[in-house]
Amino acid sequence: MRKTWTAVLACFTAALMLGGCAGSSRYQSTDQIDDLTRGVSDTDVKLLANKIISDLLASPFVERYKKPVTISLLPIVNSTSEFINTDALFGEKIMEAIINSGAGVFEFVDRKLLDETIREAELAADGLVSQAEATRLGRAAGVTLLMTGELTSIRTHTRSTDQRYYKLSLRLVDTERNTVVWISNEEIRKRSDRGWMQ
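Residues numbered from 1 in each chain as written. Predicted model: local features only at pLDDT ≥ 70, side-chain atom pairs only at ≥ 80, totals over all residues. Heavy atoms only, no water.

**Remarks on the pairing of strand β1 (residues 69-78)**
Consideration 1: With 7 of 10 residues buried, β1 lies mostly within the body of the structure.
Consideration 2: As judged from the 3 bridges shared by β1 and strand β2 (residues 106-108), these two strands associate in the parallel manner. By the bridge assignment, threonine 70 is partnered in β2 with glutamate 107.
Consideration 3: Two elements, β1 and strand β3 (residues 145-157), share 6 bridges in a ladder whose sense is parallel. Paired with isoleucine 76 across the bridge in β3 is glycine 149. (Buried < 20%, exposed > 50% of the residue type's maximum accessible area, 1.4 Å probe, protein only. Helix = DSSP H or I, 4+ residues; strand = E, 2+ residues; numbered from the N terminus. Pairing = 2+ DSSP bridges.)

Set out below in C-alpha cells:
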C-alpha cells in the first residue's frame, strides 16, 4: 500500500512539474505598458518618440521654412552597450509619427535615395564623408533638413537592482547653411529589482 501511494505521489509530482515547465504564451495589446523588459522596450520607444515629436511640432524654428519642410532621416547611432536596432525601432517610429501627425509641416525624402547618393560619394572619397559633405549631398537630393540622432545609455547594477538610463538625442541640420536648427534630448530611467532566485 505504501509503495502504491509513493508511486501515485511521484506520478502526480512529475505531472505537476511537467505541466508547470511547459509554460504558455498569449498575445497582448501593443498599447499595454511593458514593465517586464530590463532593456529598451516598445513602451520606451513610444515614450521617447512621442516626446520628441511633440517637441518638434511645437518648435518655433519651423516658421522660418516654406511648408512642407523636406527632411531626410540619417541612421540613428546606437552608442549603448546593447544590441538595439535603432533605425527599425526609433527611426521608423519617429518618421511614422511625424508623417501621421496630420500637421502637414514635414515630408520625408526616401532615405534609400539619400543613402545611395552618400554611398556613391563615399566610394569616390574612399569611404569618408563628413557632415558637411552629407549636408551638401542632402541639399542635392532636395532635402531641406537632415535629421541625425544617437541613443546613449548608462547602466548601473547591484546584486538586487538593475538601473538603466537611456537618452535619445536628435538634431536637425539645415542643408543650405549647414547649421543646427533644432535639438531634442529625451531621457528615461528604468529600475528593475531582482528576485531572490535570479
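Still more ground to cover, so stick around.
**As for the environment of lysine 66**
Consideration 1: Its place among the elements puts lysine 66 in the loop between α2 (42-58) and β1.
Consideration 2: For lysine 66, a relative accessible area of 74% puts it in the exposed group.
Consideration 3: In the structure, lysine 66 is positioned 40 residues away from phenylalanine 106 in sequence and 9.9 Å away in space, judged by C-alpha atoms.

**Focus on the packing of aromatic side chains**
Consideration 1: Following the criterion strictly, the structure yields 1 aromatic pair and no others.
Consideration 2: Centroid distance phenylalanine 61 to tyrosine 65: 6.1 Å. Interplanar angle 80 degrees. Geometry classified as edge-to-face. The two residues phenylalanine 61 and tyrosine 65 agree in class, both being buried. (Phe/Tyr/Trp six-rings, centres within 6.5 Å; stacked < 30°, edge-to-face > 60°.)

**Digging into helix α3 (residues 86-99)**
Along an α-helix, residues three or four apart share an orientation, since each turn contains 3.6 residues.
Consideration 1: Taking 1.5 Å per residue, 14 residues should reach 20 Å; α3 reaches 19 Å between its end C-alpha atoms and fits that length.
Consideration 2: Restricting attention to buried positions, one finds in α3 the residues Thr86, Phe90, Gly91, Ile94 and Ile98. (Expected span 1.5 Å × (residues − 1).)

**A few points about the pairing of β3**
Consideration 1: Two elements, β3 and strand β4 (residues 161-174), share 13 bridges in a ladder whose sense is antiparallel. Bridge pairing in β4 places leucine 151 opposite leucine 168.
Consideration 2: The turn joining β3 and β4, which pair antiparallel and follow one another in sequence, is formed by 3 residues.

**Some details on the pattern of salt bridges**
Consideration 1: One pass over the full model with this rule turns up 2 salt bridges.
Consideration 2: Ionic pairing is found between arginine 164 and glutamate 82, a salt bridge with its closest N-O pair at 3.4 Å. Remark: glutamate 82 occurs in the loop between β1 and α3 and arginine 164 occurs in strand β4; sequence separation between them is 82 residues.
Consideration 3: A salt bridge links aspartate 174 to arginine 177, with the nearest nitrogen and oxygen atoms 3.7 Å apart.
Consideration 4: Residue class for aspartate 174 comes out buried when judged on its relative accessible area of 3%. (Salt bridge = Lys/Arg side-chain N within 4 Å of Asp/Glu carboxyl O.)

**Section: the side chain of threonine 80**
Consideration 1: Turning to its location among the elements, threonine 80 is positioned in the loop between β1 and α3.
Consideration 2: Within the local environment of threonine 80, its side chain forms a polar contact with the side chain of asparagine 78, the two groups lying 2.6 Å apart.
Consideration 3: A polar side-chain atom of threonine 80 sits 3.1 Å from the main-chain carbonyl oxygen of glutamate 82.
Consideration 4: Each residue touching threonine 80, except ones within four places of it in the same chain, is listed here: Leu151, Thr152 and Ser153. (Polar contact = N/O pair within 3.5 Å; in protein donor to acceptor, adjacent residues only side chain to side chain. Contact = heavy atoms within 4.5 Å.)

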